Amino acid sequence: MALPERQLPRAYGACVNMVMDFGALRQRLEELRQFVKEYMVPGEDYGIIGDSKPTLFKPGAEKLCDVYGLSAGEAHIEFTRDDTKNPIYISYRVSLPLISRIDGKIIMVGVGSANSWEKKYRWRWVTERELPPDLPKETLKQATFDGKYGSYIKYRIPNDEIDDLDNTLLKMAKKRALIDAVLSATRSSALFTQDIEDLEDLTIRQPESVDRRQRTQPDRSTVARTSPRPKRTSSSVKPRNVGWIRRP
């Protein structure tokens, strides 16, 4: 039954007012854009995946912490393990505070999680020789890989080496929590999205400004040559190693 009109709450004229000067807000955003442009390295601090908003990486988040005077505090870690599932289920959930270096106050708390049932951890690819005897290859998903001696087939099976992922999952959860906290504390969500550098099957490209410079270069295939093409000699390219995070 409806309440009498005199008992209904009235909110006429109620509103939410801006508490920050528009000019100051615009200046703050412009300073952030300028810092990103001059000091953050594409492909290292952030990357562009497909046509989406630039994705903030951990090194970029740490740079933002430095410029805003923030430090990561002690992480609160929640661990879950379920041995009744196949494969075994392991998850970490991390709450990570960002603390001001000036007065020691908590500015923001980021939350991140990682679990062994994520696509990249739940499965592993093996050759036919490595298949367990109780798994017929006809029932498994397969894919073709290119190797040194030609193409070969691998089969996807449940990852039974879950315990080897324990430290990896903890690091991933910590990293996601840090990114979450930094995006919120620095109000940089307008420029970046959450870190997804750990997702597979994604191609990271350079920002549009870099692509534009590359497109302005002449097409070498259409340039007339006045001398014969020199013969190329084989050379070896050494891969670069990349390597993060301290456990609490």
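Above this text you will find the structure in question.
What you see is a predicted model; the values in this text were computed from it and never measured.

1. Considering unusual backbone geometry
In this structure, the amide linkage connecting Asn86 to the following residue, Pro87, adopts the cis form with an omega of 0°. By the element assignment, Pro87 lies in the loop between strand E4 (76–82) and strand E5 (89–100). Phi at Arg187 takes a positive value of approximately 55°, unusual for a residue other than glycine. Positionally, Arg187 belongs in the loop between helix H4 (166–185) and strand E10 (204–205).

2. Details of the side chain of Ser91
Within the fold, Ser91 resides in strand E5. The buried category is assigned to Ser91, whose relative accessible area is 12%. Aside from chain neighbours lying at most four places away, what touches Ser91 is Glu78, Phe79, Thr80, Ala114 and Asn115.

3. What about the packing of aromatic side chains?
Applying the stated rule across the entire model yields six aromatic pairs. Taking 4.9 Å as the distance between ring centres and 50° as the angle between the ring planes, the aromatic pair formed by Phe79 and Tyr92 counts as tilted. Taken together, the residues span a long stretch of sequence, with Phe79 in strand E4 and Tyr92 in strand E5 at a distance of 13 residues. Residue classification places Tyr92 among the buried residues on the basis of a relative accessible area of 8%. The structure contains a cluster of three or more aromatic residues connected by ring pairs, namely Trp125, Phe145 and Tyr152. Geometry around Trp117 places Lys85 over its ring, the cationic atom sitting 5.2 Å from the centre. The ring of Phe145 has Lys154 sitting right over it, with the charged end atom 5.5 Å from the ring centre.

Scoring rules and cut-offs
- Residues numbered from 1 in each chain as written.
- Predicted model: local features only at pLDDT ≥ 70, side-chain atom pairs only at ≥ 80, totals over all residues.
- Heavy atoms only, no water.
- Helix = DSSP H or I, 4+ residues; strand = E, 2+ residues; numbered from the N terminus.
- Buried < 20%, exposed > 50% of the residue type's maximum accessible area, 1.4 Å probe, protein only.
- Contact = heavy atoms within 4.5 Å.
- Phe/Tyr/Trp six-rings, centres within 6.5 Å; stacked < 30°, edge-to-face > 60°.
- Lys NZ or Arg CZ within 6 Å of the ring centre and 35° of its normal.

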